[in-house]
Amino acid sequence: ICGTPSASAVSWVDRSNGYVTTQFYEGVVHPNGSSFFGGLQDNGTLRGTAGNPNWAILQGGDGGSVALDTQNDGNTNNDVLFAEFTGLSIQKSVNNGATFSSAVSGITDSFFAFIAPFTMNEGNRQQMWTGGGYLWRTTNQATTWTRASALTCGNGSVSAIAVHPADGNRVLA
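All of the points below concern the structure found in this document. If you're wondering where the values come from, they're calculated on a predicted model, not measured in any experiment.

Considering the nonpolar core
Part 1: The biggest cluster of nonpolar side chains holds 15 residues, and the ones touching the most others in it are Phe 82, Ile 90, Ile 107, Phe 118, Met 128 and Trp 145.
Part 2: For this core, the elements supplying multiple residues, two or more each, are β6 (80–83) and β9 (118–120).
Part 3: Leaving out residues up to four positions away in the same chain, Ile 90 has contacts with Phe 82, Ala 83, Glu 84, Ser 101, Ser 102, Ala 103, Val 104, Phe 118, Thr 130 and Trp 145.
Part 4: Formed by eight residues, the second largest nonpolar core is a distinct cluster that contains Val 28, Leu 58, Val 66 and Phe 100.

In structure tokens, the structure reads:
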């Protein structure tokens, strides 16, 4: 026991006024500008809508990188979403996040970071990149992946990836 409790102990008062905060690893905005989703530290992958304080949970666990391919048909139910949790765990949804399935076929690397980066080529949304000990590329929107580099330098995993906006085969990792 550290002492005797005092009858005149401090009373704490909530001053947050309903303020809620979290940390995004990454996020994407739908082209309409009013819907967005992202991976959050310790809080899964969530989707929000402007003006609505309630977020929908798309996936639990740790959220991570995300990507979006809108079908440009006016029907957001057809949007393709990508999300992940920890390590090599890229997930794909072809129904705007209603369900997800694994999207890592062909990747044999085991050196992925806790939150592993992946990115979509904005000029060709069929092409995506991810990295662990090697860089990996898909040209069919994560149906299958192929190794696209020699072993990366250093003693760790790829921690960031950027794709050249005009040439999806020029990548900085």
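Here's the deal with the environment of Ser 35
Part 1: Its location among the elements puts Ser 35 in strand β2 (residues 35–40).
Part 2: Sequence separation between Ser 35 and Gly 51 is 16 residues; the distance between their C-alpha atoms is 9.9 Å.
Part 3: Setting aside chain neighbours within four positions, we find Ser 35 in contact with Val 28, Val 29, His 30, Arg 47, Gly 48 and Thr 49.

Quick look at the pattern of salt bridges
Part 1: Using the criterion set out here, one finds one salt bridge in the structure.
Part 2: For Glu 122, the salt bridge goes to Arg 125, with nearest N and O atoms at 2.5 Å.
Part 3: Glu 122 gets classed as exposed once you look at its relative accessible area, which sits at 53%.
Part 4: Accessibility expressed as a relative area gives 28% for Arg 125, which makes it partly exposed.

Some points on the environment of Gly 87
Part 1: Note that Gly 87 resides in the loop between β6 and β7 (91–93).
Part 2: A relative accessible area of 17% means that Gly 87 is categorised as buried.
Part 3: Remark: the alpha-carbon pair of Gly 87 and Gly 60, spanning 27 residues in sequence, is separated by 14 Å.
Part 4: With sequence-adjacent residues up to four places away left out, Gly 87 is seen in contact with Phe 112, Ala 113, Phe 114 and Ala 116.

Parameters at a glance
Residues numbered from 1 in each chain as written. Predicted model: local features only at pLDDT ≥ 70, side-chain atom pairs only at ≥ 80, totals over all residues. Heavy atoms only, no water. Core = buried A, V, L, I, M, F, W, Y, C linked by side-chain atoms within 4.5 Å. Buried < 20%, exposed > 50% of the residue type's maximum accessible area, 1.4 Å probe, protein only. Helix = DSSP H or I, 4+ residues; strand = E, 2+ residues; numbered from the N terminus. Contact = heavy atoms within 4.5 Å. Salt bridge = Lys/Arg side-chain N within 4 Å of Asp/Glu carboxyl O.

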